Amino acid sequence: MQYSEIMVRYGELSTKGKNRKDFIRVLGRNVRRSLHEFEDLEIHAQHDRLHVELNGTDSTPVIERLKGVFGIENFSPVVKLEKDFDAVKDMALKMIRAQFEPGMTFKINTKRQDHRFEFDTNEINDKLGGHILTNIPGIQVKMKHPDITLRVEVRLNGIFLSSETIPGAGGLPVGTGGKAAMMISGGIDSPVAAYLGMKRGVKLDMVHFFSPPYTSEQALAKTKDLTSKVAGFAGSIQFIQVPFTKVQEEIKEKVPEGYLMTIQRRMMLRITAAIAASRGDKGVFTGESLGQVASQTLESMMAINDVTTMPVLRPLVSMDKTEIIKIAEQIDTYELSILPFEDCCTIFTPPAPKTRPDLEKTRNFEKLIDVDTLMAEAINGITVTEIKPGENYMNQQEDVFAELL
Ligand code: ATP
Ligand code: MG
């Protein structure tokens, strides 16, 4: 079917005034960004709906992209016709035939803006309904919850037909909720937490700690690939890699084993909060959930959270692992996440970290390391990369290896 446009209905537009205007403006910008390579499209973000005029572009890839843009409730591919009722009848039949399977029911739902059009709403419903009933044997009309609803809108500039409503990603347009730093590892959880943060409209800077030579280039590339996957929901993402080897070595040398993990995590959070503040970010997201591992008890969170007053947001806090994995599969990060590359934390995690660290002891043991100097060095060593959807850092690594062979 060659559609003329895609009509997009807004999500949670409960707010009014300036917020509503921001929502529409940012959503318009995000839709334009996510469809940037389709040159013939014209995108109009209006107060009640957003219209993507296709101008001959194939609707299939455009629809796939729109499914990933937060702030969209649902959308419908639409055919625009001149005000010629015979053409409307033909197209209505064609559209319903394309979806019809034996036993299905339908209804016609007409809205008329152009009151000078030759037929009124009821007449249009009757005439089109009759035309469908005579031409598709076995089809029946059903007013409540039909299988197919054909929407007909008689506007001043033409007649618009649609028969499909495709669910959008929901949520709020990325950027309407401000900006925060996301602590991303190569694991399953943090990419899912990033997705959920973005779904509430927050733009994220990714912060990743790596520890060469204990962690490989491949492990770093994997985290960049995960970032590229979730960048599909955001347009592009700044990826900030922080060298963490020195910090970890000094902690390992000086801090008692039971507190290694807690103090490493404090340093990670402290550094992330400092990077976040320097970029104007207003919070830190993590992929922690309660009770999963030693660092994820309330006592642990209290001992780690102690280093910052910035809000630390944990979208996965009460989710089960199976629920998290389900989302990871939906957003296509799961397969990447389970690739077995060493993580900077697992390498330096003692066999029996304290699951209930004591806050006072934690603070005292931390005095054994030079927090300020280590922090300044790590922040000095950061590298920032802009990561876009569809990029592949791990394969680049393979190319390098292939050339060496
Ligand atoms: P994930 O699956 O996200 O790795 P996890 O269940 O393995 O989480 P932890 O390894 O304890 O749990 O990590 C908890 C959180 O700490 C992560 O979700 C992430 O937000 C942060 N984190 C862990 N390692 C790193 C890292 N190398 N760089 C940045 N953040 C990290
Ligand atoms: Mg992990």
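An unreviewed UniProt entry lists the chain under the name Probable tRNA sulfurtransferase, from Secundilactobacillus similis DSM 23365 = JCM 2765. Quoted straight from UniProt, the Subcellular location (unreviewed entry) entry for the chain says "Cytoplasm".

Right, let's talk about the UniProt feature "domain: THUMP" (unreviewed entry) in the chain for a bit. On the UniProt side, "domain: THUMP" (unreviewed entry) is annotated at positions that read residues 60–165 here. Taken as a whole, residues 60–165 contains 35% helix and 31% strand, while its terminal C-alpha atoms sit 14 Å from one another.

The next point concerns the nonpolar core. Counting residues in each nonpolar core, the largest one holds 47 residues, and the members touching the most others are V31 and V52. It is helix α3 (residues 85–99) that contributes the most residues to this core, 7 residues altogether. Excluding residues within four positions of it along the chain, V31 makes contact with I43, L50, V52, L66, V69 and I72. Residues A180, M182, A221 and A231 belong to the second largest nonpolar core, which totals 37 residues.

This part takes up empty space enclosed by the protein. In the structure shown here, the tally under the stated rule is 1 cavity of 30 Å³ or more. Roughly 50 Å³ of volume is contained in the largest cavity. When contributions to the lining of the largest cavity are tallied by element, the ones reaching two or more residues are β7 (148–155) and β8 (158–162). Here the lining of the largest cavity takes 4 residues from β7, the largest share from any one element. Residue composition of the lining of the largest cavity, by class: 5 nonpolar, 1 polar and 3 charged.

Right, let's get into the domain arrangement of the chain. Taken domain by domain, the chain comprises domain 1 (5–167) and domain 2 (179–403). Computed over C-alpha atoms only, the centres of domain 1 and domain 2 are separated by 43 Å.

Here is what the cut-offs are and how they apply
Residues numbered from 1 in each chain as written. Chains lettered and ligands numbered in written order. Predicted model: local features only at pLDDT ≥ 70, side-chain atom pairs only at ≥ 80, totals over all residues. Heavy atoms only, no water. UniProt positions renumbered as here; feature names shortened; annotations may be inferred. Helix = DSSP H or I, 4+ residues; strand = E, 2+ residues; numbered from the N terminus. Core = buried A, V, L, I, M, F, W, Y, C linked by side-chain atoms within 4.5 Å. Buried < 20%, exposed > 50% of the residue type's maximum accessible area, 1.4 Å probe, protein only. Contact = heavy atoms within 4.5 Å. 1 Å grid on protein atoms, 1.4 Å probe; cavity = no way out; pocket = protein on both sides within 12 Å on 5 of 7 lines; lining within 4 Å. Points joined across faces, edges and corners; volume = space filled by probe spheres on them. Nonpolar A, V, L, I, M, F, W, Y, C, P; charged D, E, K, R; others polar. Domains from an automatic or database assignment.

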